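# Structural features, examined
Residue-level listing of the chains:
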Amino acid sequence: MIEIKNVSQRFKGPSGPVDAIRNVSLSIKKGEIFGIIGRSGAGKSTLVRTINLLNRPTEGQILLDGQNMMSLSASALREERRHIGMIFQHFNLLSSRTVFDNIALPLELAGVPRETIRTKVNALLELVDLAAQANRYPAQISGGQKQRVGIARALANDPKVLLSDEATSALDPETTRSILELLKRINKELGLTIVLITHQMEVIKMICDRVAVMEAGEVIEHGNVLDVFRAPKHPVTRSMIGDVIAMELPKGVQEFVRTRLAQTREGHGEDHLLRLAFVGHDAEEPVLSEVARRFGLDFNILHGQIDEIQEQAFGSLALLVRGPAAQVEQAKAYLRTRNVTVEELDHVATAD
Ligand SMILES: Nc1ncnc2c1ncn2[C@@H]1O[C@H](COP(=O)(O)OP(=O)(O)O)[C@@H](O)[C@H]1O
Ligand SMILES: [Mg+2]
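Residues numbered from 1 in each chain as written. Chains lettered and ligands numbered in written order. Predicted model: local features only at pLDDT ≥ 70, side-chain atom pairs only at ≥ 80, totals over all residues. Heavy atoms only, no water.

## Comments concerning the layout of surface pockets
- By volume, the largest pocket amounts to about 640 Å³.
- The set of elements that each furnish at least two residues to the lining of the largest pocket consists of α2 (74–82), β6 (84–88), α3 (99–109) and α5 (143–155).
- In terms of residues, the lining of the largest pocket owes the most to one element, β6, which gives 4 residues.
- Counted by class, the lining of the largest pocket contains 10 nonpolar, 4 polar and 4 charged residues.
- For the second largest pocket, the calculated volume is near 290 Å³.
- Lining the second largest pocket are Arg177, Leu180, Glu181, Lys184, Lys205, Met206, Ile207, Asp209, Glu308, Ile309, Gln310 and Glu311.
- Looking at the lining of the second largest pocket, the elements that each hand over two or more residues are α6 (173–190), α7 (201–207) and β12 (298–309).
- Residue contributions to the lining of the second largest pocket peak at 4 residues, all from α6.
- Of the residues in the lining of the second largest pocket, the class split is 4 nonpolar, 1 polar and 7 charged.
- Lining the lining of the second largest pocket are residues from two domains, each supplying at least three of them: domain 1 (2–234) and domain 2 (251–345). (1 Å grid on protein atoms, 1.4 Å probe; cavity = no way out; pocket = protein on both sides within 12 Å on 5 of 7 lines; lining within 4 Å. Points joined across faces, edges and corners; volume = space filled by probe spheres on them. Helix = DSSP H or I, 4+ residues; strand = E, 2+ residues; numbered from the N terminus. Nonpolar A, V, L, I, M, F, W, Y, C, P; charged D, E, K, R; others polar. Domains from an automatic or database assignment.)

## Here's the deal with helix α11 (residues 287–295)
- Here α11 has its buried residues at Val287, Leu288, Val291, Ala292 and Phe295. In a view along the axis of α11, the buried residues occupy a sector of 135°, so they form one face of it. Pointing more than 90 degrees away from the buried face of α11 are the exposed residues Arg293 and Arg294.
- Lining the buried residues of α11 we find β11 (271–279), β12, β13 (312–322) and α12 (325–337). (Buried < 20%, exposed > 50% of the residue type's maximum accessible area, 1.4 Å probe, protein only. Arc of directions from axis to C-beta. Contact = heavy atoms within 4.5 Å.)

As structure tokens, this is what we get:
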């Protein structure tokens, strides 16, 4: 439903041009929650602002439901923007308006009759659980409640898409969770497509279906959240996943493992470092002990964690396996037949 095609954005900076986005192409499907993650300055906000043309890209195309956004007249673009909701890190509420009137604002701007506005805003207040706060002012409510107002306001004109730029970054973890649950519920109940920007992998893990990872203006990796967590390709992705799931070995173990692997490389050791990832029921089966028995291998579990992604159990495990290389190869092949992603590492990644 949203096609971002070969989009580049160059800004004039104080010390020369800045390439905020470099040739990005992404295709976002109707009804999904699509996450865009990256470090600060990666180009996320610039990219999401090109979707509603708050930034007009230097190059490339934006198609929304097949319509080329760049070719719209000023008035057609204004109309189209009404159907793209947006929420922000700092909520952007009007402090002189009550909760009710903040949510009503986009409807007033669209010239909706008073009575319809009342009905609509009351329904939205129910949806975001703020009916009791309708007559309060932004200064009188909590950060989480302010973001709920922001969400209700963004939904007022029945958008096709909701763009969320770091909407939970100013909130504590518990409030973040409740806002993410609300977004997920809206996504499910209204079938609303959500494009969600964040610098926290935790947010991606909790509600996104697919994810794109950005670094220095480029999309360096994208795919299903489960697949990316299972087998991240780019070091930046690995390090960001490492924030959530400790994929790198604890420092204390690193030296020991490094020595063992060096001995194996030099031909007088039999140690192999494996990283396994498994999903769903596979995570619950005693596959490991079976493999150890079957192939006559010794396993030393260095690090492990079971997590939940998209309501499925997701396990990651680092093992030092001792045994002949041929047996280890067979064990790896066997594990793959059991839906376990296996990666043999011949070096020890450092934790930072
Ligand atoms: N209007 C602008 N003028 C000049 N440079 C900008 C402008 N907006 C963003 N940038 C630069 O573009 C890069 C990407 O910024 P941004 O999209 O805000 O990243 P993110 O949201 O991932 O933190 C940064 O180097 C930033 O300084
Ligand atoms: Mg940003």
